[in-house]
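The lines below spell out each chain.
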Amino acid sequence: MDRLQAVRRGVRRSCLVVGHSLGTGPASWLLAEPPAPIAGAVLIDPICVMLEMPDVAHSFLYRAPRSAFEWLCFLWCSSEPGMQFHFRRRFFWHQHILNPEHVAELPVAFFLSEKDQIVPSHIVRAFVHDQISDASRVPPY
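Residues numbered from 1 in each chain as written. Predicted model: local features only at pLDDT ≥ 70, side-chain atom pairs only at ≥ 80, totals over all residues. Heavy atoms only, no water.

## Observations regarding the environment of Leu 61
Okay, so step 1: Mapped onto the elements, Leu 61 comes out in helix H3 (residues 54-61).
Okay, so step 2: A relative accessible area of 12% means that Leu 61 is categorised as buried.
Okay, so step 3: Each C-alpha atom of the pair Leu 61 and Gln 84 lies 7.9 Å from the other, and the pair is 23 residues apart in sequence.
Okay, so step 4: Filtering out sequence-adjacent residues up to four positions away, Leu 61 remains in contact with Gln 84, Phe 87, Arg 88 and Trp 93. (Helix = DSSP H or I, 4+ residues; strand = E, 2+ residues; numbered from the N terminus. Buried < 20%, exposed > 50% of the residue type's maximum accessible area, 1.4 Å probe, protein only. Contact = heavy atoms within 4.5 Å.)

## Some thoughts on the sheet that holds strand S2 (residues 38-44)
Okay, so step 1: Here 3 strands make up an open sheet; going across it, the order is S1-S2-S3 and the pairing parallel. In this open sheet, the two edge strands, each paired with only one partner strand, are strand S1 (15-20) and strand S3 (108-111). Going across the sheet, the axis of each strand differs from the next one's by a mean of 10 degrees, ignoring polarity.
Okay, so step 2: For S1 and S2, the ladder comprises 6 bridges, and the chain directions are parallel. Paired with Val 17 across the two strands is Ala 41, which belongs to S2. (Pairing = 2+ DSSP bridges. Axes fitted to C-alpha atoms, helices over the stretch in contact; angles between N-to-C directions.)

Read these as layout, nothing more, since geometry by itself doesn't imply function.
See below:
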């Protein structure tokens, strides 16, 4: 029995899917193939929206740090050997994209950082507003 079937057998009630940053990738998998009834989703600084934009991969993997905060992110996140291996060898960008059809019937809240260092939040917000049928679900940032 695979893990998805095991989860389907174990969950009897509806659940809320919550994901932050890299965790929104697996959240998009759950929304695409729900193992149980899903009551809604909360996506915080989602990478699963507009992930195909070249700026996103470049910002995380290749951008030269310019500020103290960017140096911290570079030293402890982007250049960490495990992260480098994961993103360069094991992470397939197309598998982590949220299809708007998968959340068409769900209440979904997107929380976006106004000055995100990796994901251009103004573009993500515009995409969500245009592609998710009830844009009133998206709180302004």
